[in-house]
Amino acid sequence: MTALFNRLVEAARIAWVSFKLYTVSDIIRGKSGIISLAGISLWLILIILPVSLFANPQIGLGRVAAFIFGGILVFNVYSVATWDWAWEIRKLINYNVLEHLIASGKSPLMVYLGLIPVSLIWLLMIIILGYGVVNVFVAQPEIVISDLKLLILAFTLLIIVVLSYALVLASTILISGTSGAIVEIFSWVLPLATGGFIPLSLMPESLRTLALLTPFSYPAELLRKALNIYEPILPTNTMFIIGYIYGLAFLTFSITLFKLGIRKTLKEGLKTLSAW
Amino acid sequence: MLKRFISLVRAEYMFVAAEIIRRKTILFALILWPYIIMAFIVLLGSSMGTMSYFQQKTGANPILFFITGSFLLIVSLIFFDEISSRFWYDEFIGTLPYIMIAPTSKTMLALAMGFPRLIINILVGLSSLIPVYFILKSFPGLVEALIVIALSIFSALTFSTLAIIFSSLVLISGGGWRVLSIIRPLIMLISGVLYPRFLLPLTIKFFTIIFPLANSVEAIQLFLVQEGLTAYSLMLLGLATALALLYAPVSIRSLRIWEHRILIKGAKT
Amino acid sequence: MRYAVEAVRIVKKYVTKKRKGFFKSETEVVEALKGISFKIRYGEVVGLLGPNGAGKTTTIKIVSTLLLPDSGKVFVDGVEAFKNLSYVREKIGIMLTVEKGFFPKLTGRENLIYFGTLYGLERKLLEKRVNYLLDLLELKELGGSDKLYEEFSLGMKARLAFARALLKDPPIILLDEPTLGLDPVSARKIRRIVKDLAHKEGKAVLYTTHNMFEAEIVCDRILLINKGVIVSEGTPEELKNKIPKLKVIRAVLHGGNMEKLSKLISSSLNLKPEIKIVERGLEVKLAIKNPEEILNDLLKIFNLANVDVVSLNIEEPSLEDVFIYFAKGVIE
Ligand SMILES: Nc1ncnc2c1ncn2[C@@H]1O[C@H](COP(=O)(O)OP(=O)(O)O)[C@@H](O)[C@H]1O
Ligand SMILES: [Mg+2]
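Overview of the structure. Just so it is clear, the model here is predicted, and its values are computed rather than measured.

## Considering the packing of aromatic side chains
For the structure shown, the criterion picks out 31 aromatic pairs over all chains. When the centroid spacing of 5.2 Å and the interplanar angle of 50 degrees are considered together, the rings of B:Phe54 and B:Phe66 count as tilted. Taken together, the residues span a long stretch of sequence, with B:Phe54 in helix H3 (residues 51-58) and B:Phe66 in helix H4 (residues 62-76) at a distance of 12 residues. By way of ring pairs, the aromatic residues B:Tyr98, C:Phe102, C:Phe103, C:Tyr114, C:Phe115, C:Tyr119, C:Tyr149 and C:Phe152 are connected into one cluster.

Shown next, in the form of structure tokens:
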């Protein structure tokens, strides 16, 4: 019991140290994280903006804008997971930090815990950026926070799910030594196929089933509900319960996989990653 | 001089080939990329409305429009990407000093850096545009696709001089990929590759006139809508060429300034 | 006579920002070179010998036209370097680090071909030259020609970097600590070739190192550099004749006052001691030709100053010591 407690304290300490480290090195000195995320967010906007051209001219532009903004919101969370969290491993490898971490017997997972609050601050900034661009290029999005409690819970679930996703990606980097292309393709295809942008009710039947089979669809649907953008496909309560159970299971799986990845690097040594 | 340039392109090709061919996933991704972006936009669009609304608003078939747009997205940034990221990467891995002392014009080298990618991207153009154009328009589509590929390469070339200027600015600012990551999508946003220029807010639209890429891209999009080159689109292409020539001396100068900066600071080893 | 390299009163200052806390920073000026001058003839290996931070790399970079000096002039093969960049760059081959500076995803051969093309070598000639160099440095035997650079051992990396410096077959070769951290076999190989290049092919070589032993066996002439100043120069023989005459007395004392000791020693022995605080007390260092002669007096002084002698040794001077005493004018 005390051993477990000690481990938790230790973990909290590493997380706190990492948080301070990231705050200093990334936000105050480097600004690199926020800038790269803003860049990715701009790409996203670039690709999502033309979607508005497909809308029925009869529908108010405000609705169209709300729809687009909802998509940008979910996607931004995904980018944080793929680019910020999954790539953190790449950075740790390139700066030769990972080996030291492993050697010191600390789990790199704790580093992640410290990274999350920093990323959330960035996330807020790029969401505001997205809102601004949609405002200028399309119209002011018509969104209302219809249920604050649901919004917070849905957002938390989304974070849990994408954090797990990031760990899975990080594990593939560890295990395969490559990443770029795989991360890129999946980070775009996945949200599309799983309802990150399109409400499940609007999806073709087969895709809908596929989407419900992934943990990603649940928080997205709940988020859209909370912002009054679109009604979820199942009753809110059902979505909520399945979503949380599924999300936590995914998290457990991803942590296991990550540990496996670390063990593999211990066995085979770290590979130098390519420039692209 | 031409011989020298070709040998530089060959050397650069080795570098690109090593990266791309040794990591086949990159080649795979490159070929898939235009399809993914096109499918992404068209699918999202269709869930939000219909293709005919798009045609109504822009005059173009959305599938053709976006497969072309995504191809342009890749091709247009070649020079900018290669030059700024390669010189930056050289600084990062410590090859820069050895490149600096080469008695070769850095502008020539910069241009040479873009060419191997450009050639590889012709392949990407063939693999992405040809099938789609052929399915939608049968044989006349083949010719059209070839013309669009040629125009896209031309368009990328007209952007090369301004790209050198941008790259030098990025390199001089020392911001590395941070500045890059903001500037790249911004260039694409204002050049109207995916979101046509005529829809941009007026002030931005006005600004894009001095931007070769925005003009040549509009000419290509008009080619899609009107299925031919009109006097207006020829004028746009001419404008892009003139701008490219106008920026050429500035581009040489800007790379020199960057070189000089490194001389003062000392190339990192 | 036309010198391969002639440096005239080169000054270089670096301005850096020092971080103080999160937001504050202050600028700091480091004077890396304080007006150094030297000449290198064709056919000789000139060593630039000095401790870390002495200004060796800065010198190499300036001579290789990679860094602008604040003042002073560099002539390479008789022409002013920064006014004839491309002429000078044709003439020099450089090696700046042992372990970096190649593309990790290219093989050793591909890397050489790439840089050779950049250096303007014609294709056929280049391939011949690359083959020759891969052979010369035994990179072929080590598997380095077709292995990716990232898989190289340090020794192979150094050999490849050295091969690149020779690609153009340049008459002037500038090498910055080319054997730093290398295995003895690779280091010996590089030293051997350097000597041959100068003595058999008449090339001029500038060779920096912080290893006295190495400078002695490789170089025909040595420039001793410390804190941006060339403090002495000569053949290894000449320098050795200056150095062995010196011994260092190192005493560690308990109690006592630094200033008082310093005054006492300089007034009664007419010597400038180096005194610093160490873990066990005060360390007093004295450089002198015949330490036995003053030992008695010194002990008396310690007695007078009321300090306990923890330890006292007479030692051969380390390189650092030699520099310190050169700088103080104890020698010469
Ligand atoms: N880019 C730089 N910026 C600031 N200071 C530098 C830089 N490069 C070298 N220095 C400083 O200049 C001095 C000489 O450095 P260097 O020429 O690298 O010495 P050496 O090669 O003999 O070890 C050192 O004090 C070093 O800290
Ligand atoms: Mg050095």
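From this point, the discussion proceeds with the structure in view.
## Quick look at the interface of chain B and chain A
By convention, interface size is frequently given as the accessible area that disappears when the constituent parts associate. Taken together, the contact between chain B and chain A spans 50 residues of the former and 40 residues of the latter. Here chain B and chain A share an interface that buries about 4200 Å² over both sides, 80% of which is from carbon and sulfur atoms. It is B:Phe40, B:Met48 and B:Tyr195 that lose the most area in chain B upon contact with chain A, and together they represent 18% of the buried surface on that side. Viewed at the interface, chain A and chain B are joined by 0 salt bridges. Taken together, the connections running from chain B to chain A amount to 5 residue pairs in polar contact (both at pLDDT 80 or more). For the side of chain B that touches chain A, the secondary-structure elements that each account for two or more residues are helix H1 (2-22), helix H2 (24-48), H3, H4, helix H5 (78-93) and helix H8 (177-190) of chain B. Element by element, the count of residues in the side of chain B that touches chain A is highest for H2(B), at 16 residues. Taken together, the residues that form the side of chain B that touches chain A break down as 34 nonpolar, 9 polar and 7 charged.

## A few points about unusual backbone geometry
With phi around 50 degrees, B:Ser138 is a residue other than glycine that occupies positive phi space. Within the secondary structure, B:Ser138 is located in helix H7 (residues 106-173). Judged by its relative accessible area of 36%, B:Ser138 is partly exposed. For C:Glu177, which is not glycine, the phi dihedral falls at a positive 40 degrees.

## Describing the sheet that holds strand S13 (residues 281-288) of chain C
Paired through backbone hydrogen bonds, the strands of a sheet run either parallel or antiparallel to each other. Residues and elements named next belong to chain C. Taken in spatial order, the 4 strands of this open sheet run S12-S13-S11-S14, and their pairing is antiparallel. Two strands lie at the open edges of the sheet, namely strand S12 (274-278) and strand S14 (308-315), each paired on one side alone. Geometrically, the sheet is characterised by an average inter-axis angle of 20 degrees between neighbouring strands, direction not taken into account. Looking at chain direction, S12 and S13 are connected through 5 bridges and run antiparallel. Its bridge partner lying in S13, Ile277 is registered against Leu282.

## Side note on the site of ligand 1
All names here are of chain C. Taken together, Tyr14, Thr16, Val30, Ala32, Pro51, Asn52, Gly53, Ala54, Gly55, Lys56, Thr57 and Thr58 make up the full set of residues adjacent to ligand 1. The separation between an oxygen atom of ligand 1 and a polar side-chain atom of Thr57 is 2.6 Å. Between Thr58 and ligand 1, the recorded distance is 2.5 Å, taken from a side-chain N or O atom to an oxygen atom. When isolated, ligand 1 has an accessible area of 550 Å², and the protein chains bury 66% of it. Those elements giving two or more residues to the shell around ligand 1 turn out to be strand S1 (5-20), strand S2 (24-40) and helix H1 (56-63). Among the elements that make up the shell around ligand 1, the one with the highest residue count is H1 (3 residues).

## Some details on the sheet that holds strand S7 (residues 172-176) of chain C
All names here are of chain C. Strands sit in the order S6-S7-S8-S3-S9-S10 across an open sheet of 6 strands; the sheet is mixed. With one partner strand each, in any of the chains shown, strand S6 (92-95) and strand S10 (229-234) form the two edges of the open sheet. When strand polarity is set aside, the average angle formed by the axes of neighbouring strands in this sheet is 15 degrees. Sheet topology places strand S3 (residues 45-49) next to strand S8 (residues 204-209); 5 bridges connect them, and they run parallel. Bridging across to S8, Val46 finds its partner in Leu206. Running over the sheet, H1 touches S3, S7, S8 and strand S9 (221-226) and is turned about 150 degrees from S7. Across the sheet, helix H6 (residues 184-201) is in contact with S3, S7 and S8; its angle to S8 comes to roughly 150 degrees.

## Some remarks on the interface of chain C and chain B
Taken residue by residue, the interface counts 37 residues in chain C and 39 residues in chain B. Around 3200 Å² of area is buried between chain C and chain B when both sides are counted, 65% of it from carbon and sulfur atoms. Considering only the side of chain C, the residues that lose the most area to chain B are C:Arg89, C:Tyr114 and C:Leu118, jointly responsible for 20% of the buried surface there. Joining chain C to chain B, the criterion identifies 1 salt bridge. The interface formed by chain C and chain B includes 11 residue pairs in polar contact (both at pLDDT 80 or more).

## Brief notes about H1(C)
All names here are of chain C. Of all 8 residues making up H1, 7 are buried, and the element is well covered by its neighbours. Where H1 is concerned, the buried positions are Lys56, Thr58, Thr59, Ile60, Lys61, Ile62 and Val63. Thr65 occupies a position one or two residues after H1 and carries a positive phi of about 65 degrees.

## As for the environment of C:Glu151
When you line up the elements, C:Glu151 lands in the loop between helix H4 (123-136) and helix H5 (154-166). Expressed as a C-alpha distance, the spacing of C:Glu151 and C:Gly108, which sit 43 residues apart in the sequence, is 10.0 Å.

## Observations concerning the pairing of strand S4 (residues 71-76) of chain C
All names here are of chain C. Pairing between S4 and strand S5 (residues 79-80): 2 bridges, direction antiparallel. Bridge pairing in S5 places Val76 opposite Val79. Between the end of S4 and the start of S5, which pair antiparallel, lie 2 residues, with Asp77 showing a positive phi angle near 50 degrees.

## Description of the side chain of A:Ser217
All names here are of chain A. Looking at the element boundaries, Ser217 is found in helix H9 (residues 217-226). Owing to a relative accessible area of 0%, Ser217 belongs among the buried residues under this scheme. At 3.4 Å, the side chain of Ser217 and the backbone oxygen of Thr214 are in polar contact. Residue contacts for Ser217: discarding those within four places in its chain leaves Thr194, Leu200, Ala211 and Leu212.

## Looking at the pattern of salt bridges
With the rule as written, the count across this model stands at 32 salt bridges over all chains. For the salt bridge of B:Arg86 with B:Asp90, the shortest nitrogen-to-oxygen distance reads 3.9 Å. In this pair, B:Arg86 and B:Asp90 both sit in helix H5, 4 residues apart, roughly one turn of the helix. The same class applies to B:Arg86 and to B:Asp90, which are both buried. As a salt-bridge pair, C:Arg192 and C:Asp196 come within 3.3 Å of each other at their nearest N and O atoms. You can see C:Arg192 and its partner C:Asp196 sitting in helix H6, 4 residues apart, about one turn around the helix. Taking relative accessible area as the criterion, C:Arg192 reaches 48% and is therefore assigned partly exposed.

## Focus: the nonpolar core
Residues B:Phe87, C:Phe38, C:Phe115 and C:Phe162 are the most contacted members of the largest nonpolar core, which totals 201 residues. Among the elements that take part in this core, H7(B) stands out by supplying 26 residues, more than any other. Discounting chain neighbours no more than four positions away, the residues touching B:Phe87 are B:Glu82, B:Leu96, B:Ile99, B:Leu109, B:Ala110, B:Met113, B:Leu171, B:Leu255 and B:Trp258. One finds A:Leu73, A:Leu115, A:Leu151 and A:Ala154 within the second-largest nonpolar core, a separate group that totals 44 residues.

Criteria and cut-off values
Residues numbered from 1 in each chain as written. Chains lettered and ligands numbered in written order. Predicted model: local features only at pLDDT ≥ 70, side-chain atom pairs only at ≥ 80, totals over all residues. Heavy atoms only, no water. Phe/Tyr/Trp six-rings, centres within 6.5 Å; stacked < 30°, edge-to-face > 60°. Helix = DSSP H or I, 4+ residues; strand = E, 2+ residues; numbered from the N terminus. Contact = heavy atoms within 4.5 Å. Buried area = accessible area lost by both parts, 1.4 Å probe. Salt bridge = Lys/Arg side-chain N within 4 Å of Asp/Glu carboxyl O. Polar contact = N/O pair within 3.5 Å; in protein donor to acceptor, adjacent residues only side chain to side chain. Nonpolar A, V, L, I, M, F, W, Y, C, P; charged D, E, K, R; others polar. Buried < 20%, exposed > 50% of the residue type's maximum accessible area, 1.4 Å probe, protein only. Pairing = 2+ DSSP bridges. Axes fitted to C-alpha atoms, helices over the stretch in contact; angles between N-to-C directions. Near = heavy atom within 4 Å. Areas by Shrake-Rupley, 256 points an atom, 1.4 Å probe, with all protein chains shown as cover. Core = buried A, V, L, I, M, F, W, Y, C linked by side-chain atoms within 4.5 Å.

Limitation: the analysis is restricted to geometry and does not speak to function.
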